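Structural overview for review
Residues per chain are reported as follows:
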Amino acid sequence: LSANSSIKPHTAPMNFRLRVHLPIQVPSGDIAIRVGNAVKPWIEDKALVLDDSFEHEVWNNTQEDRVLLLVDIWHPDIIPVERQNILAMFQHAKEQGWLKR
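Residues numbered from 1 in each chain as written. Predicted model: local features only at pLDDT ≥ 70, side-chain atom pairs only at ≥ 80, totals over all residues. Heavy atoms only, no water.

A word on helix α1 (residues 80–95)
Which entries qualify depends on this criterion: Here a strand is any run of E in DSSP of at least two residues, a helix any run of H or I of at least four, and the numbering for each starts at the N terminus. What a helix is expected to span follows from its residue count: subtract one and scale by 1.5 Å.
For α1, built from 16 residues, the straight-helix expectation of 22 Å at 1.5 Å per residue is met to within 8% by its first-to-last C-alpha distance of 23 Å. A positive phi of about 80 degrees marks G97, the residue just after α1.

Observations concerning the environment of W74
Selection rule: Contacts were defined at the residue level, with two residues in contact if any of their heavy atoms lie within 4.5 Å.
Of note, W74 is situated in strand β7 (residues 67–74). Taking the C-alpha atoms as reference points, W74 and N61, 13 residues apart in sequence, are found 31 Å from one another. In this structure W74 touches F16, R17, L18, R83, I86 and L87, once residues within four positions along its chain are discounted.

A few points about the packing of aromatic side chains
Under the convention used in this document: Each Phe, Tyr or Trp ring (for Trp, its six-membered ring) is paired with any other whose centre lies within 6.5 Å, and the angle between the two planes then decides the class: stacked below 30 degrees, edge-to-face above 60, tilted in between. Both a distance and an angle decide whether a charge sits over a ring: NZ of Lys or CZ of Arg must be within 6 Å of the ring centre and within 35 degrees of the ring normal.
For the coordinates displayed, the defined rule picks out zero aromatic pairs. For the cation-ring pair, R66 lies above W42, with the distance from its terminal atom to the ring centre recorded as 4.4 Å.

Thoughts on the environment of D72
Our working definition: The cut-offs for exposure are 20% and 50% of the maximum accessible area for each residue type, with area from a 1.4 Å probe on protein chains only; residues under the lower value are buried, those over the upper are exposed, and the others partly exposed. Throughout this description, a polar contact denotes any pair of N or O atoms lying within 3.5 Å of each other; where both atoms belong to protein, one of them has to be capable of donating a hydrogen while the other can accept it, and for residues adjacent in sequence the pair is counted only when both atoms sit in side chains.
As for its position among the elements, D72 is in strand β7. The class of D72 is partly exposed, set by a relative accessible area of 39%. Distance from D72 to V35, taken between C-alpha atoms, is 16 Å for residues 37 residues apart in sequence. Setting aside residues no more than four positions away along its own chain, D72 makes contact with R17, L18 and R19. A polar contact is formed between the side chain of D72 and the side chain of R19, at a distance of 2.7 Å.

A short note on the sheet that holds strand β4 (residues 38–40)
Two pairing modes exist for strands in a sheet, parallel and antiparallel, and in both the strands are linked by backbone hydrogen bonds. To keep things clear, this is the line we draw: A pair of strands is treated as paired once DSSP finds two or more bridges between them. In this analysis an axis means a line fitted to C-alpha atoms, helices contributing only their contacting stretch, and an angle means the value between N-to-C directions, from 0 to 180 degrees.
Ordered by their spatial adjacency, four strands build an open sheet running β1-β6-β3-β4, and the pairing between neighbours is antiparallel. Each edge of the open sheet carries a strand with a single partner, namely β1 (5–10) and β4. Sheet twist, expressed as the average angle between the axes of neighbouring strands with direction ignored, equals 15 degrees. Where strand β3 (residues 31–35) meets strand β6 (residues 56–60), five bridges bridge the pair, whose relative direction is antiparallel.

Focus on the sheet that holds β7
Taken together, the three strands give an open sheet; going across it, the order is β5-β2-β7, and neighbouring strands pair in antiparallel fashion. With partners counted over all chains shown, the strands left at the sheet margins are β5 (48–50) and β7, one partner each. Strand-to-strand twist across the sheet, computed as the mean angle between neighbouring axes with direction ignored, equals 25 degrees.

This is the structure:
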């Protein structure tokens, strides 16, 4: 996230995944993420895991960029057969041209 910038409150379209933030470079100062009512700082080399279907926002009110690696993992409540069905559903939508990417 660039210096002096933010990403306004938003939600993911579904809760099939958890999003893992792996902070690589975190400047000191007013920089954080809010998920629901909880505000958390990033700590370099410490993973932060969130369900991004909850409303969340981020901000970086410092003079330096924040760098992190984003990794998406299956939500642990999604069982293997559901994963297969979800993947098949998205594959079908892609084949029908319903997905833009």
